[in-house]
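# Analysis of the macromolecular model
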Amino acid sequence: MILHVDMDQFVAAVEILRRPELRGQPVVVGGAGDPTARRQVVSTASYEAREHGVHSGMPLRRAAQLCPSAVFLPTDPAAYSEASERVMAVLRGFPVDVEVWGWDEAFVGGDIADPQALAAELKAAVFAETGLTCAIGIGENKLQAKMAARFAKPGGVHTLTTAEWLPVMGPRPAADLWGIGPKTARKLDELGLHTIAQLAATPPEDLVERFGPRQAAWLPVAASGGGDTHISTEPWVARSRSRENTYAEDLSDLDEISREVAAMARALTADVVDDGREITHVAVKVRYTSFFTPTREMKLRAGPTTDPEVVELAALHLLTKFEWKRPVRLLGVRVNLAMPD
DNA sequence: TCTGGGGTCCTAGGACCC
DNA sequence: TCTGGGGTCCTAGGACCC
């Protein structure tokens, strides 16, 4: 069996931990914590704020309208990263395999005799050592465990097995499946495939034309409750690193745009060089006020580099490949990293 | 009340080479 | 002479996740 550990309202919970007076109050974490700021969105809302309809991705100003009494806090990624490390260390203290999945999730596998007992022990240990609570899903593969954790939230334990899968998940919309987003859900709807049970009963051949071979093969398997059972304990090696910024006021001046992109390119290079990595590709992203968002990317011809000058010049070169007739609201730079041997 | 930031993986088309 | 088929690299975009 595989367990999926999913922290409850993780970002909000970390903030509440260091400000206990916030417990029980609606808390909204996002942007610089200013509910009047434009172009900033909710990162995480506490359960109390969610009761007012506030959710991740919502503009802060909208959140403030829905829940004027909420406490608004700036995001503090370093604090969440540090809290995440403490949680994962607790999980690794057990004789199990742990695969970290983002800040606030992990899959746990290995030689597990009694998954229910293990789940209870993990929850208790995480709470005792970090003050944070989690939900735990138990399943026969990662997909089942992940879906089970949704039923377990907040703070519970839930099991979903192959035998239970179709009776429980079958009637639910295909969009409930981990890996099916709004676009795929709409395409499935257009094919008359609305529920997980309907998708599970569809031969891949019927999906190839619309979805391509890989997704066509995966969709019915996932809908039938099939999934990956491998827990990888290898440390994650990042493929890329990026920085982007949405500006409160649109940018039109190409000199200013160039300065911004150059600064991002240099900062990014410093970050990855700190991590001992080399840069192979540079990409620039522009979002116009229309929300049209093209990207331009290039491989560094001279080979992998750690030189900020090279990365900056590449980014500035890529800038020449865009049209500058309209103002922009976002600029971003991404670098791809050479994979160590 | 207009729509964040940081990632990963997949697909598709064109260039280029044999 | 007007024309094939395969393989790989590169870039752009789409979709999804937290």
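Our subject is the structure listed above.
Residues numbered from 1 in each chain as written. Chains lettered and ligands numbered in written order. Predicted model: local features only at pLDDT ≥ 70, side-chain atom pairs only at ≥ 80, totals over all residues. Heavy atoms only, no water.

### Remarks on the protein's contact with DNA strand B
Close contacts around DNA strand B come from 21 residues, with Arg-62, Gln-65, Ser-240, Thr-246 and Arg-329 the closest. Of what DNA strand B places within 4 Å of the protein, 71% of the atoms are sugar or phosphate. With respect to DNA strand B, the side chain of Arg-61 contributes an N or O atom lying 2.7 Å from a phosphate oxygen. Taking Arg-329, its side chain carries an N or O atom lying 2.5 Å from a phosphate oxygen of DNA strand B. For the surface near DNA strand B, the elements supplying multiple residues, two or more each, are helix H3 (60-66), strand S9 (240-251) and strand S12 (328-337). Element by element, the count of residues in the surface near DNA strand B is highest for S9, at seven residues. Classifying every residue of the surface near DNA strand B gives six nonpolar, five polar and 10 charged. (Near = heavy atom within 4 Å. Polar contact = N/O pair within 3.5 Å; in protein donor to acceptor, adjacent residues only side chain to side chain. Helix = DSSP H or I, 4+ residues; strand = E, 2+ residues; numbered from the N terminus. Nonpolar A, V, L, I, M, F, W, Y, C, P; charged D, E, K, R; others polar.)

### Comments concerning the packing of aromatic side chains
Counted by the stated rule, this structure contains five aromatic pairs. Between Trp-101 and Trp-178 the ring centres are 5.3 Å apart and the planes differ by 65°, which places this aromatic pair in the edge-to-face class. With a gap of 77 residues between them, Trp-101 in the loop between strand S5 (97-100) and strand S6 (105-109) and Trp-178 in the loop between helix H7 (162-169) and helix H8 (182-190) connect regions that are remote in the sequence. In this structure Trp-101 comes out as partly exposed when scored by relative accessible area, which is 39%. Both rings, one in Phe-107 and one in Trp-178, keep their centres 6.0 Å apart while their planes meet at 40°; by these two values the pair is tilted. Here the residue Phe-107 occupies a position in strand S6, and Trp-178 occupies one in the loop between H7 and H8, the gap between them amounting to 71 residues. (Phe/Tyr/Trp six-rings, centres within 6.5 Å; stacked < 30°, edge-to-face > 60°. Buried < 20%, exposed > 50% of the residue type's maximum accessible area, 1.4 Å probe, protein only.)

### Examining the environment of Lys-325
Mapped onto the secondary structure, Lys-325 falls in the loop between helix H13 (308-319) and S12. Once the C-alpha coordinates of Lys-325 and Tyr-288 are considered, the two residues, 37 residues apart in sequence, prove to be 9.7 Å apart.

### Section: the pairing of strand S10 (residues 279-288)
For S10, the buried fraction is high: eight of the 10 residues fall into the buried class. Judged from the nine bridges that link them, S10 and S12 form a sheet pairing that is antiparallel. Residue pairing across strands places Val-282 opposite Val-335, the latter belonging to S12. Inspection of the sheet shows S10 paired to strand S11 (residues 295-299) by five bridges, in the antiparallel sense. Counterpart to His-281 in the pairing with S11 is Lys-299. Counting the residues that bridge the hairpin from S10 to S11 gives six residues, and of these Phe-291 lies at a positive phi of roughly 80°. (Pairing = 2+ DSSP bridges.)

### Quick look at helix H1 (residues 10-18)
Each turn of an α-helix holds 3.6 residues, which means side chains three or four residues apart point in the same direction. Counting buried positions along H1 yields seven of nine residues, so the element is predominantly enclosed. Along H1, the residues classified as buried are Phe-10, Val-11, Ala-12, Ala-13, Val-14, Glu-15 and Ile-16. Along its buried surface, H1 packs onto strand S1 (2-7), strand S2 (27-29), strand S3 (44-45), strand S4 (71-73) and helix H4 (77-92). (Contact = heavy atoms within 4.5 Å.)

### Regarding the protein's contact with DNA strand C
The environment of DNA strand C is formed by 19 residues, the closest being Lys-146, Gly-179, Thr-184, Glu-297 and Lys-299. Sugar and phosphate atoms form 100% of the subset of DNA strand C atoms that lie within 4 Å of the protein. In this structure, Ile-180 approaches DNA strand C through a main-chain N or O atom, which is 3.4 Å from a phosphate oxygen. Mapped onto the surface near DNA strand C, the elements with two or more residues apiece are H8 and S11. Ranked by residues supplied to the surface near DNA strand C, first place goes to S11 with five residues. Of the residues assigned to the surface near DNA strand C, the class counts are seven nonpolar, four polar and eight charged.

### So, the side chain of Thr-161
Following the sequence through the fold, Thr-161 ends up in the loop between strand S8 (157-160) and H7. A relative accessible area of 16% means that Thr-161 is categorised as buried. Ignoring any residue separated from it by four or fewer positions in sequence, one finds Thr-161 in contact with Met-1, Glu-140 and Gln-144.

### Some remarks on the side chain of Lys-146
Inspection of the secondary structure assignment puts Lys-146 in helix H6 (residues 142-152). Filtering out sequence-adjacent residues up to four positions away, Lys-146 remains in contact with His-4, Asp-6, Glu-105, Phe-107 and Trp-178.

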